Protein chains: 2
Amino acid sequence: MFEKGYYLRNEGDKVDNLMDMLKEKLKEKGYKLTPQRRATLDIIIDNQGQHLNTEEIYALVKEKCPEIGLATVYRTLQLLDEMQMISKINLDDGCSRYELNDHDEDHQHHHLICESCGTIIEVELDLLEHLEEEIEKNHDFEIKDHKVKFFGICSKCR
Amino acid sequence: MFEKGYYLRNEGDKVDNLMDMLKEKLKEKGYKLTPQRRATLDIIIDNQGQHLNTEEIYALVKEKCPEIGLATVYRTLQLLDEMQMISKINLDDGCSRYELNDHDEDHQHHHLICESCGTIIEVELDLLEHLEEEIEKNHDFEIKDHKVKFFGICSKCR
DNA sequence: TGTTTTTTGTCAATCATTTCTAATTTTTAT
DNA sequence: ATAAAAATTAGAAATGATTGACAAAAAACA
Ligand SMILES: [Zn+2]
Ligand SMILES: [Zn+2]
Ligand SMILES: [Zn+2]
Ligand SMILES: [Zn+2]
């Protein structure tokens, strides 16, 4: 179900694997894996689960790659999104956030957002697949992707 | 399950009903139902199902209320959202869109967005309630609201 | 090596949204 | 009713995330 070579043997392999995946995807479109692009993906991998926004990513990338420009980070994030390495998340807080894509198709996750403290809890929703089948039948609509957010109050805030 | 007086006898009653509802909600918070606020809600009611953005709403409101300023429309939409008369929709097209809330709690709808032609299809998802119960148990998270979007290709675009 | 293509950094422009301010309307107190 | 206080508004300016322009740098090509 997944390309050969993408099974991980240990944690260290993970970055290499994702980087190789990116390299391949870029090559398909005639793009190159530059140090800036490498550094940006590195930061997102290192901060998995963090839902960083562009400025935060920029600040972190700058530590390893001080000459990088903000526009490059914007361009790179857009590219990584197109290559489906990352996903853009909108929390209605006035900026775009990003997270590493889970390349295991069985485990797409979604977000519980606490309206009190802002905490983001990740939740896996396999159940949504049944819903999708139903919708595809009823509306003759071919579903490619979905975004689901739940708003409420987390356990700490009660 | 719903306050007395909010059952509709005919179509004409609908606007009055929603307007009364708004008036009450505003009064609770010490706000007033001004002509500008009235005109803005009117337009949203008249264009139910349209998912208008702020500029579009501004243009339509201006026809009936030419002296209104764009900033007032922004403020009013924010207020109507707070009062839960309307909902903000984000389709990642660079602007906020709004739609009238369905005040029948059994029929919250969600959106199928065609990635080819941009058509928005509305779909009712009662099934999501089971999911919510599950999540509330598993994550000890009190769900107040949710936003669900499905992306794909509509029947016309295939 | 010289030429072309891609990518980058800087800086300016864009554009949705918010803030500021003085004027207007509404409410409240006298 | 009249004056002071509070809320709301229009219009202009400011903000802030994102994008575009462009010349320089890096990489691929011949
Ligand atoms: Zn919380
Ligand atoms: Zn996440
Ligand atoms: Zn379509
Ligand atoms: Zn809708």
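Residue positions are counted from 1 within each chain, in the order its sequence is given. Naming scheme: in the order in which they are written, chains are lettered from A and ligands are numbered from 1. Given that this is a predicted model, residues contribute local features only at a pLDDT of at least 70 and side-chain atom pairs are listed and counted only at 80 or more, while totals for whole chains, interfaces and linings are drawn from all residues. As a rule here, side-chain values come from all non-hydrogen atoms in the structure, and water together with hydrogens is ignored.

**Some remarks on the pattern of salt bridges**
For the record, the criterion: For this document, the term salt bridge refers to a Lys or Arg side-chain nitrogen within 4 Å of an Asp or Glu carboxyl oxygen. Where helices and strands are cited, they refer to DSSP runs of H or I of at least four residues and of E of at least two residues respectively, numbered from the N terminus. The rule is simple: take the accessible area with a 1.4 Å probe, protein chains only, and divide by the maximum for that residue type; under 20% is buried, over 50% is exposed, in between is partly exposed.
Inspection of every chain in the model, using the stated rule, returns 8 salt bridges over all chains. Salt-bridge contacts for Asp140(A) lead to Arg158(B); the nearest nitrogen and oxygen are separated by 3.4 Å. Residue Asp140(A) is found in the loop between helix 5 (128-139) and strand 6 (142-153), and its partner Arg158(B) is found in the segment after strand 6 (142-153); the two belong to separate chains. Taking relative accessible area as the criterion, Asp140(A) reaches 42% and is therefore assigned partly exposed. Note on Arg158(B): relative accessible area 55%, which makes it exposed. In the salt-bridge network here, residues are joined through shared partners; they are Glu56(A), Asp93(A) and Arg97(A).

**Looking at the domain arrangement of chain A**
Residues and elements named next belong to chain A. The test is simple: The split of the chain into domains comes from an automatic or database domain assignment. Whether two residues touch is decided by their heavy atoms; if any such pair falls within 4.5 Å, the residues are in contact. The buried area of a pairing is the accessible area, by a 1.4 Å probe, that goes missing from both parts when the two are put together, added over both.
In terms of domains, chain A is made up of domain 1 (11-100) and domain 2 (110-152). Here the C-alpha centroids of domain 1 and domain 2 sit 24 Å apart. Each partner contributes to the interface: domain 1 provides 8 residues, whereas domain 2 provides 6 residues. Of the roughly 550 Å² buried between domain 1 and domain 2, counting both surfaces, carbon and sulfur atoms make up 56%. Taken together, the connections running from domain 1 to domain 2 amount to 0 salt bridges.

**Re the coordination of the zinc ion (ligand 3)**
All names here are of chain B. How we decide: Any nitrogen, oxygen or sulfur atom within 2.8 Å of a metal ion counts as a donor, with the limit raised to 3.2 Å for Na, K and Ca, and since water is left out, coordination shells can look unfinished. Square planar and octahedral sites, with four and six donors, are those where opposite donors lie more than 155 degrees apart and all other angles lie between 65 and 115, tetrahedral sites have four donors with every angle between 85 and 135 degrees, and the rest are irregular.
Here the zinc ion (ligand 3) is held by Cys114 (SG), Cys117 (SG), Cys154 (SG) and Cys157 (SG), and the distances to it run 2.2 to 2.4 Å. What the 4 donor atoms of the zinc ion (ligand 3) show is an angle range of 105 to 114° at the metal, which sorts the shape as tetrahedral. Along the chain, the residues donating to the zinc ion (ligand 3) are arranged with the sequence spacing C-x2-C-x36-C-x2-C. Here Cys157 lies in the segment after strand 6 and Cys114 lies in strand 4 (residues 109-114), a separation of 43 residues in the sequence. For Cys114, a relative accessible area of 2% corresponds to the buried category. Using a relative accessible area of 29% as the deciding quantity, one classes Cys157 as partly exposed.

**Some thoughts on the relation of the copies chain A and chain B**
The criterion, for reference: In superposing the copies, a least-squares fit is computed on C-alpha atoms, taking residues whose pLDDT is at least 70 in both.
Overlay of chain A on chain B (RMSD 0.1 Å): rotation 179°, translation along the axis 0.1 Å. Here the symmetry operator amounts to a two-fold rotation axis. Residues of chain A ranked by C-alpha distance from the rotation axis are headed by Val148(A), positioned 2.2 Å from it. Here 100% of the contact residues of chain A are again contact residues in chain B; the copies associate through an equivalent surface.

**Quick look at the sheet that holds strand 5 (residues 120-124) of chain B**
Condition: Here, a strand pair is defined by DSSP locating no fewer than two bridges between the strands. Between N-to-C directions, angles cover 0 to 180 degrees, with each direction set by a line fitted to C-alpha atoms, over the stretch in contact for helices.
Strand order in the open sheet made by the 6 strands is 5(A)-4(A)-6(A)-6(B)-4(B)-5(B), with mixed pairing throughout. Two strands close off the open sheet at either side, each with one partner strand: strand 5 (120-124) of chain A together with strand 5 of chain B. Strand-to-strand twist across the sheet, computed as the mean angle between neighbouring axes with direction ignored, equals 25°. Sheet strands touched by helix 5 (residues 128-139) of chain B: strand 4 (109-114), strand 5 and strand 6 of chain A together with strand 4 and strand 6 of chain B. Its angle to strand 6 of chain B, the strand with the most contacts, is close to 130°.

**Topic: helix 5 of chain A**
Stated precisely, the cut-off is as follows: Each residue after the first adds 1.5 Å to the expected span of a helix.
Helix length check: helix 5 of chain A, at 12 residues, gives a terminal C-alpha distance of 16 Å against a target of 16 Å (1.5 Å per residue), a fit within 8%. Buried residues along helix 5 of chain A sit in contact with strand 4 and strand 6 of chain A together with strand 4, strand 5, helix 5 and strand 6 of chain B. Just downstream of helix 5 of chain A lies Asp140(A), where phi reads positive at about 50°.

**Digging into the protein's contact with DNA strand C**
For clarity, the cut-off: When we say a residue is near a molecule or strand, we mean one of its heavy atoms is within 4 Å of it. Each polar contact in these results corresponds to two N or O atoms within 3.5 Å; when the atoms are within protein, one needs to be able to donate a hydrogen and the other to accept it, and residues that are neighboring in sequence are counted only if both atoms are side-chain atoms.
Close to DNA strand C lie 19 residues; Thr34(A), Thr72(A), Arg75(A), Tyr74(B) and Ser96(B) are nearest. Across the atoms of DNA strand C situated within 4 Å of the protein, the share located in sugar and phosphate is 76%. In the model, a phosphate oxygen of DNA strand C is placed 3.4 Å from a nitrogen or oxygen of the Ile68(A) main chain. Gly69(A) is positioned such that a nitrogen or oxygen atom in its backbone is 3.2 Å from a phosphate oxygen of DNA strand C. Secondary-structure elements contributing two or more residues to the surface near DNA strand C are helix 2 (35-46) and helix 4 (70-82) of chain A together with helix 4 (70-82) of chain B.

**Structural notes on the interface of chain A and chain B**
Taken together, the contact pairs 33 residues of chain A with 33 residues of chain B. Each partner contributes to the roughly 3100 Å² buried at the junction of chain A and chain B, and carbon and sulfur atoms together form 67% of this total. Between chain A and chain B we count 4 salt bridges in total. Linking chain A to chain B there are 12 residue pairs in polar contact (both at pLDDT 80 or more). Those elements that place two or more of their residues in the side of chain A that touches chain B are strand 4, strand 5, helix 5 and strand 6 of chain A. A total of 12 residues in the side of chain A that touches chain B trace back to one element, the largest contributor, which is strand 6 of chain A. Bridge analysis of strand 6 of chain A against strand 6 of chain B gives 11 bridges, and the strand direction is antiparallel. Directly across from Glu142(A), in strand 6 of chain B, lies its bridge partner Ile153(B).

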